[in-house]
Amino acid sequence: MSEGQQFQLGTIGALSLSVVSSVSIVICNKALISTLGFTFATTLTSWHLLVTFCSLHVALWMKFFEHKPFDRNAVMGFGILNGTSIGLLNLSLGFNSVGFYQMTKLAIIPCTVLLETIFFRKQFSRNVQLSLSILLLGVGIATVTDLQLNVLGSVLSLLAVITTCIAQIMTNTIQKKFKVSSTQLLYQSCPYQAITLFVTGPFVDGLLTDKNVFSFHYTPLVLGFIVLSCLISVSVNFSTFLVIGKTSPVTYQVLGHLKTCLVLGFGYVLLRDPFSWRNILGILIAVVGMVLYSYCCSLESQQKASEAAAQLMPAKESEFVPLIAEETGASILTPGVASNKDLHA
């Protein structure tokens, strides 16, 4: 199996793991929050991250992956920023209507595209832009209902969008810059994310629910669902870093909207949640946009691979030049050899 085929299989596996784990944790958390009354989402997320870190520490001890320390300041800044973005998203949901919160989530994709275009000079083709527009339109039709604006909620939503976009871009950038895997980055950043949410979680949850997480009556059933939620979160957190590392922050957001549509469909089929023609139409449009996006990205990847192969051919031919130079005692730097090494780096 070629390296390209292995990469494609790894990407498909990461996307599948992300979808399955995310939908599973939504179902578990819905039962925990709606049925059992445990409404402390931010504190629960901090527990998720603590369990994830402990699980990764056991995996490291069993030598499932190698610990690779790198820039501590970058890890700390990334971990705190990621934890802050989660808290801000929860606050945004608490101080806004559900419809406005969905609009906030939709804004993450164009904001990410804008930031990557400005700061990383990344180019998005018109076909990709069109497919993203169709996707956002479909998700908007399916999920956005009422739009009730208020100043505090709008400010929190803006901060949530900006911090989320930067955190997801940093996930991709750090993995490539320091050549670390998603597991290595998650292991090192987890403590900072967990501490950030563990300290702020009770305050944020108290502000949103007027309840104290420490005075909640923890029955065995509630504890069982909390443990299950934490175990599923290990897969969710790992797959998030894996997907962003293998693809891009924009692709991860596209996947997130697909999961939203799947959760809506699951709620209708199994839980008999209210559903309308608008939900169905929106989901269908979103699926069309997602398929078009995947198709456009696949074509662009094949085009880039073809261009890389074309550049590699003259590079291989020029590898014979240094051999001749060594025989004559000359020192010749061949650009073709350098480009060949760069392609395999």
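Everything that follows concerns the structure shown earlier in this document.
Counting from 1, residues in each chain are numbered in the order their sequence is written. Owing to the predicted nature of the model, reporting of local features is limited to residues with pLDDT of at least 70; listing and counting of side-chain atom pairs is limited to 80 or more, with chain, interface and lining totals taken over all residues. Hydrogens and water molecules were not included; the side-chain quantities draw on all heavy atoms of the structure.

Draft legend 1. Structural detail: the pattern of salt bridges. Put simply, a salt bridge is a Lys or Arg side-chain nitrogen that is within 4 Å of an Asp or Glu carboxyl oxygen. Under the defined criterion, the tally for this structure stands at one salt bridge. Between Lys 122 and Glu 116 there is a salt bridge; the shortest N-O distance is 3.8 Å.

Draft legend 2. Unusual backbone geometry, seen in detail. Positive phi values are uncommon outside glycine, yet Arg 121 reaches one of about 55°. Secondary structure elements follow DSSP: runs of H or I of four or more residues count as helices, runs of E of two or more count as strands, with numbering from the N terminus. Along the polypeptide, Arg 121 turns up in the loop between helix H5 (108–120) and helix H6 (126–143).

Draft legend 3. Summary view of the packing of helix H3 (residues 72–95) against helix H7 (residues 151–177). Between N-to-C directions, angles span 0 to 180 degrees; the directions come from axes that are lines fitted to C-alpha atoms, helices contributing only their stretch in contact. Their axes nearest at 8 Å, the elements H3 and H7 cross at an angle of 145°. In the crossing of H3 with H7, the sense of the turn from one axis to the other is left-handed. Grouping the constituent residues of the contact of H3 with H7 by class yields 15 nonpolar, eight polar and no charged. With the far helix as reference, a near helix turned anticlockwise by less than a right angle produces a left-handed crossing, and one turned clockwise produces a right-handed crossing. In this count, Pro and Cys sit with the nonpolar residues alongside Ala, Val, Leu, Ile, Met, Phe, Trp and Tyr, while Asp, Glu, Lys and Arg are called charged and the others, Gly among them, polar.

Draft legend 4. How the structure looks around the packing of aromatic side chains. When two rings of Phe, Tyr or Trp (its six-membered ring) have centres within 6.5 Å they constitute a pair, described as stacked for plane angles under 30 degrees, edge-to-face for angles over 60, and tilted for the intermediate range. Applying the stated rule across the entire model yields ten aromatic pairs. Judged by centre distance (5.1 Å) and plane angle (75°), the ring pair of Phe 38 and Phe 40 falls under edge-to-face.

Draft legend 5. Summary view of the side chain of Ser 189. Tracing the chain through its elements places Ser 189 in helix H8 (residues 182–209). Residue exposure (1.4 Å probe, protein chains only): buried if accessible area is under 20% of the type maximum, exposed if over 50%, otherwise partly exposed. Under the relative-accessibility criterion, Ser 189 is labelled buried at 0%. Residue contacts are counted whenever heavy atoms from the two residues lie within 4.5 Å of one another. Other than its neighbours up to four places away in sequence, Ser 189 contacts Val 75, Phe 78, Gly 79 and Phe 241.

Keep in mind that these numbers describe shape and distance, not what the molecule does.
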